[in-house]
Amino acid sequence: MSDQQPIRHPDRAPGAHMAYAPPQAPAVSDTYRRWAGILVRIAAVIAFLMAAAFVASLVLLVRADADTRNAAYGYLAVVLWAGIALAIPVLLAVGIPGVVMRRRVRQQGTWPS
């Protein structure tokens with residue numbers, strides 16, 4: 001069954017076809033608005049840390065390639081890549097709901113300017 005509510009038109013006959021309006025989302029609360037911002041900020045911080053780890057891993061690979069005595073830097077770069085790979089699902093799990101929540105808040109016109 002649909003969540004849509006029928007619209008009653010006074011000029012239609014009792015057995016006539018009725019139109020349906022889309023369901024209205026409930027208003028967002030201050031807590032919902034706050035969590036939307038928090039989730040987006042957390043996602044931005046995770047993305048920044050992932051970018052920094054990627055750059056650091058490239059620097060470590062260059063140092064490891066420059067001298068054979070610095071081979072441990074290459075292993076550290078691999079560990080950073082594993083951390084990046086593990087952070088991708090976390091970024092998606094935090095970022096997607098944050099963006100969806102923020103979009104809903106903006107659609108309702110309650111986002112502070």
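Look a little higher up for the structure.
This section reports on the structure supplied with the text. (Residues numbered from 1 in each chain as written. Predicted model: local features only at pLDDT ≥ 70, side-chain atom pairs only at ≥ 80, totals over all residues. Heavy atoms only, no water.)

**Here we look at the pattern of salt bridges**
Under the convention used in this document: Just to be clear on terms, a salt bridge is a Lys or Arg side-chain nitrogen sitting within 4 Å of an Asp or Glu carboxyl oxygen. When a residue's accessible area, from a 1.4 Å probe over protein chains only, is under 20% of the maximum for its type it is buried; when over 50% it is exposed; and in between it is partly exposed.
For the coordinates displayed, the defined rule picks out two salt bridges. The shortest N-O distance in the salt bridge between Arg69 and Asp67 comes to 3.0 Å. The class of Arg69 is exposed, set by a relative accessible area of 72%. Judged by its relative accessible area of 25%, Asp67 is partly exposed.

**With respect to the packing of helix H1 (residues 30–66) against helix H2 (residues 72–107)**
Our working definition: Between the N-to-C directions of two axes lies an angle of 0 to 180 degrees, each axis being a line fitted to C-alpha atoms and, for a helix, fitted only over the stretch in contact. Secondary structure elements are taken from DSSP: a helix is a run of H or I of four residues or more, a strand is a run of E of two residues or more, and numbering for both begins at the N terminus. Each angle gets one of four labels, with under 35 degrees taken as roughly parallel, over 145 as roughly antiparallel, 65 to 115 as roughly perpendicular, and the rest as oblique. For any helix crossing, the convention is left-handed if the near helix is rotated counterclockwise from the far helix by under a right angle, and right-handed if that rotation is clockwise. Classes in brief: Ala, Val, Leu, Ile, Met, Phe, Trp, Tyr, Cys and Pro nonpolar; Asp, Glu, Lys and Arg charged; the others, Gly included, polar.
Where H1 meets H2, the closest approach of the two axes is 7 Å, and the angle between their N-to-C directions is 160 degrees. When the axis of H1 is compared with that of H2, the two are roughly antiparallel. Every pair of crossing elements has a handedness; the one defined by H1 and H2 is left-handed. Looking at the contact of H1 with H2, its residues break down into 31 nonpolar, four polar and four charged.

**Details of the packing of aromatic side chains**
The geometry of an aromatic ring pair is captured by two quantities: the separation of the ring centres and the angle between the planes. In plain terms, the rule: Each Phe, Tyr or Trp ring, with Trp reduced to its six-membered ring, pairs with another whose centre is within 6.5 Å; inter-plane angles below 30 degrees give stacked pairs, above 60 give edge-to-face pairs, and intermediate values give tilted ones. For a ring to carry a charge above it, either NZ of a lysine or CZ of an arginine must fall within 6 Å of the ring centroid while also lying within 35 degrees of the normal to the ring plane.
In this structure the tally under the stated criterion is zero aromatic pairs. Sitting above the plane of the Tyr32 ring, Arg104 keeps its charged end 5.0 Å from the centroid.

**Remarks on the environment of Asp67**
As a reminder of what qualifies: Two N or O atoms count as a polar contact when they lie within 3.5 Å, although within protein this holds only if one can serve as hydrogen donor and the other as acceptor, and sequence-adjacent residues are included solely when both atoms are side-chain atoms.
Relative to the helices and strands, Asp67 is located in the loop between H1 and H2. Separated by 3.0 Å, the side chains of Asp67 and Arg69 make a polar contact.

**Topic: H1**
Convention followed: Every helix has an expected span of 1.5 Å times one less than the residues it contains. Contact criterion: two residues are considered in contact whenever any of their non-hydrogen atoms come within 4.5 Å of each other.
With 37 residues, H1 should reach 54 Å at 1.5 Å per residue; the first-to-last C-alpha distance of 54 Å fits that figure. Among all positions of H1, only Arg33, Ala36, Gly37, Leu39, Ala43, Ile46, Met50, Ala53, Ser57, Leu60 and Ala64 are buried. Packing partners of the buried residues in H1 comprise H2.

**Let's talk about H2**
Rule in force here: A residue's bend is the angle separating two fitted axes: one through the seven residues that end there, the other through the seven that start there.
Between its first and last C-alpha, H2 extends 51 Å over 36 residues, near the 52 Å set by a 1.5 Å rise per residue. The principal kink in H2, of about 30 degrees, is found at Ala87, preceding the proline Pro89 by one to four residues. Listing the buried residues of H2 in full gives Gly74, Ala77, Ile84, Ala87, Val94, Gly95, Gly98, Met101 and Val105. Its buried side turned inward, H2 meets H1. Positive phi shows up at Gly109, right after H2, with a value of about 70 degrees.

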